[in-house]
Amino acid sequence: NPEVFILAIESSCDDTAAAILQNDKVLSNVVANQLIHSQYGGVVPELASRAHQQNIVPVVDAALRKAKIQKEQLSAIAFTQGPGLMGSLLVGSSFAKSMAVALQIPLIAVNHMQAHVLAHFIDEDGFEKPSFPFLALTISGGHTQIIKVDDFFDMTVIGETTDDAVGEAFDKSAKILGLPYPGGPLIDKYAQLGNPKAFAFTKPKVPGLDFSFSGLKTAILYFIQKKKLENPSFVEENLNDICASIQHTIIEILMDKLKLAVKETGIKQIAIGGGVSANSGIRSTLKETENKYGWKTFIPKFEYTTDNAAMIGIVGYQKFLTQTFETSAVVSKARIQL
Ligand code: KG4
Ligand code: ZN
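Our subject in this report is the structure included herewith. Since we're looking at a predicted model, the values are computed, not measured. (Residues numbered from 1 in each chain as written. Chains lettered and ligands numbered in written order. Predicted model: local features only at pLDDT ≥ 70, side-chain atom pairs only at ≥ 80, totals over all residues.)

**Considering the overall build of the protein**
- Per the secondary structure count, the protein includes nine helices and ten strands.
- Relative to the globule expectation of 20 Å for 338 residues, the C-alpha radius of gyration of the protein, 20 Å, shows essentially globular dimensions.
- Its C-alpha atoms give the protein principal-axis dimensions of about 65 × 45 × 30 Å.
- Taking all 338 residues of the protein together, 47% fall into the buried category.
- Within the protein, contacts between residues separated by at least 24 positions form 75% of all contacts whose residues are at least 6 apart in sequence. (Helix = DSSP H or I, 4+ residues; strand = E, 2+ residues; numbered from the N terminus. Rg over C-alpha atoms; globule rule 2.2 N^0.38 Å. Buried ≥ 20, exposed ≤ 12 C-beta atoms within 10 Å, placed from the backbone. Contact = placed C-beta atoms within 7 Å.)

Rendered as structure tokens:
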């Protein structure tokens with residue numbers, strides 16, 4: 001079997017990323033974060049697109065250099081087709097298309113959400129790959145889904161958010177507390193020092209496997225406003241406990257639905273993906289289910305959970321094996337189904 005070298009490009013939101021894979025192994029995985037957005041409290045699409053244009057050439061160069069690969073050795077180029085911000089997606093797709101044409105190699109379009117799920121198939125020492133079927137909990141700033149995965153490209157969404165994504169719930173809660181964007185990692189950091197039972201927030205009542213997070217955000221807003229009237233420095237004095245309580249509530253919401261999904265499908269293998277799976281509380285709670293409920297859980301290496309190009313590359317490799325290629329006419333899609 002000849003070696004396959006894939007260059008993968010990810011530019012769906014605010015990170016410009018490139019990776020080189022040799023078959024299912026990652027040779028390099030480079031991400032340029034756009035720090036510019038933090039002062040605006042969220043990603044500004046126009047600024048993201050412009051930053052991608054500045055970053056894409058140096059990021060791809062760095063990925064090739066770190067992998068010690070010449071571009072002439074590449075077998076194919078994979079890029080994120082969607083979902084994401086159109087202006088951001090177009091920078092990655094245009095770059096991938098011109099490079100594939102110039103090198104006369106195949107072009108592969110990748111669904112970002114499938115990539116978060118399939119990141120588990122990157123060959124990495126110390127990390128086991130799930131077997132089919134398994135349940136994937138994809139939790140990021142843009143999505144919250146429970147997916148039944150029957151094969152590489154046979155996935156069904158069995159539950160999803162009806163409003164905010166779980167990452168937004170973290171980020172918007174953080175904003176209410178006056179923390180900079182993205183606030184998810186900061187809530188995680190302070191939560192580790194606080195009491196998760198200090199404050200109680202009511203959980204939403206959503207039927208079936210779907211989620212809702214917008215009510216939680218409102219509940220937190222009203223709670224903080226009320227407490228600040230009594231004591232203007234309430235947030236500063238109780239930051240750890242507030243963060244721990246918010247995180248605890250979010251984890252309970254996720255776990256309630258996961259338990260129901262396991263009950264309904266009979267599948268006990270759970271793989272998590274998306275930026276929020278970096279959360280330390282979610283990770284430890286999931287690990288506990290192995291002894292508690294006999295689940296088997298899969299948590300990818302940290303650099304493959306947040307937006308990255310290695311996960312685009314592993315999907316690219318699978319599609320390369322089945323020769324699933326595109327022409328330059330392939331269009332980017334802001335919204336795209338699994
Ligand atoms: O997958 P991702 O990098 O980008 C999207 O596709 O959305 O996810 C970003 C999201 C942000 O909302 C960020 O606050 C959240 O993941 N996040 C976290 C943590 N690390 C990143 N949320 C909670 N705890 C963390 N440790
Ligand atoms: Zn993502």
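**Notes on the pairing of strand β4 (residues 76-82)**
- In terms of burial, β4 is a largely internal element, seven of the seven residues being buried.
- Sheet analysis places strand β1 (residues 5-10) next to β4, joined by four bridges and oriented parallel. Looking at the pairing, Ala8 lines up with Ala78 of β4.
- Pairing of β4 with strand β5 (residues 107-111), which is carried by five bridges, proceeds in the parallel orientation. Of the residues in β5, the one forming a bridge with Ala78 is Ile108.
- In this view, the connection linking β4 to its parallel neighbour β5 by way of helix α2 (residues 86-103) has right-handed handedness. (Pairing = 2+ DSSP bridges. Right-handed = clockwise from strand over helix to strand, strands pointing away.)

**A few points about the nonpolar core**
- Counting residues in each nonpolar core, the largest one holds 84 residues, and the members touching the most others are Ala8, Ala18 and Ala19.
- Broken down by element, the residue count for this core peaks at nine residues, all from helix α7 (residues 234-265).
- In this structure, this core is formed jointly by two domains, domain 1 (5-119 + 305-321) and domain 2 (128-299), each of which donates at least three residues.
- Look past the residues within four positions of Ala8 in its chain and what remains in contact with it is Ala18, Ala19, Leu21, Ala78, Ala309, Ala310, Ile312, Gly313 and Gly316.
- Grouped together as the second largest cluster of nonpolar side chains are six residues, Val43, Ala48, Ala51 and Leu85 included. (Core = buried A, V, L, I, M, F, W, Y, C linked by C-beta atoms within 7 Å. Domains from an automatic or database assignment.)

**Examining the site of ligand 1**
- In the neighbourhood of ligand 1, 18 residues make up the surrounding shell, with Ser140, Gly141, Gly167, Gly184 and Gly275 lying closest.
- Those elements giving two or more residues to the shell around ligand 1 turn out to be α4 (166-176) and α5 (184-191).
- Looking at the shell around ligand 1 residue by residue, the classes come out as six nonpolar, nine polar and three charged.
- When residues of the shell around ligand 1 are assigned to domains, at least three fall in each of domain 1 (5-119 + 305-321) and domain 2 (128-299). (Near = placed C-beta within 6 Å. Nonpolar A, V, L, I, M, F, W, Y, C, P; charged D, E, K, R; others polar.)

**Concerning the packing of α4 against α5**
- Following both chains from N to C, one finds α4 and α5 inclined at 75°, their axes separated by 8 Å at the closest point. Judged on the interaxial angle alone, α5 and α4 are roughly perpendicular. Packed against α4, whose contacting residues are Gly167, Phe170, Asp171, Ser173 and Ala174, the element α5 presents Gly184, Leu186 and Ile187 at the interface. (Axes fitted to C-alpha atoms, helices over the stretch in contact; angles between N-to-C directions. Parallel < 35°, antiparallel > 145°, perpendicular 65-115°, else oblique.)

**Let's talk about helix α1 (residues 45-67)**
- The end-to-end C-alpha separation of α1 is 31 Å, in line with the 33 Å expected for 23 residues at 1.5 Å each.
- Residue Asn55 marks the point of greatest curvature in α1, where the axis turns by about 40°; the proline Pro58 follows within four residues.
- Taken together, the buried positions of α1 are Ala48, Ala51, His52, Asn55, Ile56, Val59, Val60, Ala63, Leu64 and Ala67.
- Buried residues along α1 sit in contact with β1, β2 (15-22), β3 (25-33) and α2. (Expected span 1.5 Å × (residues − 1). Bend = angle between axes of the 7 residues up to and from the residue.)

**Thoughts on the packing of helix α6 (residues 214-230) against α7**
- Two elements in contact, α6 and α7, have axes whose closest approach is 12 Å; the angle formed by their N-to-C orientations is 160°. The orientation of α6 relative to α7 falls into the category roughly antiparallel. Every pair of crossing elements has a handedness; the one defined by α6 and α7 is right-handed. From α6, Leu216, Ile220, Ile224, Lys227, Lys228 and Glu230 reach across to α7, where they touch Phe234, Val235, Ile246 and Thr249.
- Tallied by class, residues from the contact of α6 with α7 come to six nonpolar, one polar and three charged. (Left-handed = near helix turned anticlockwise from the far one by under 90°.)

**Comments concerning unusual backbone geometry**
- Going from Gly82 to Pro83, the amide bond is cis rather than trans, its omega being -5°.
- Mapped onto the elements of the fold, Pro83 is located in the loop between β4 and α2.
- One non-glycine residue, Lys68, lies in positive phi territory at about 55°.
- Along the chain, Lys68 turns up in the loop between α1 and β4.
- With phi around 55°, Gln323 is a residue other than glycine that occupies positive phi space.
- Locating Gln323 in the fold gives a position in the segment after α9 (310-321).

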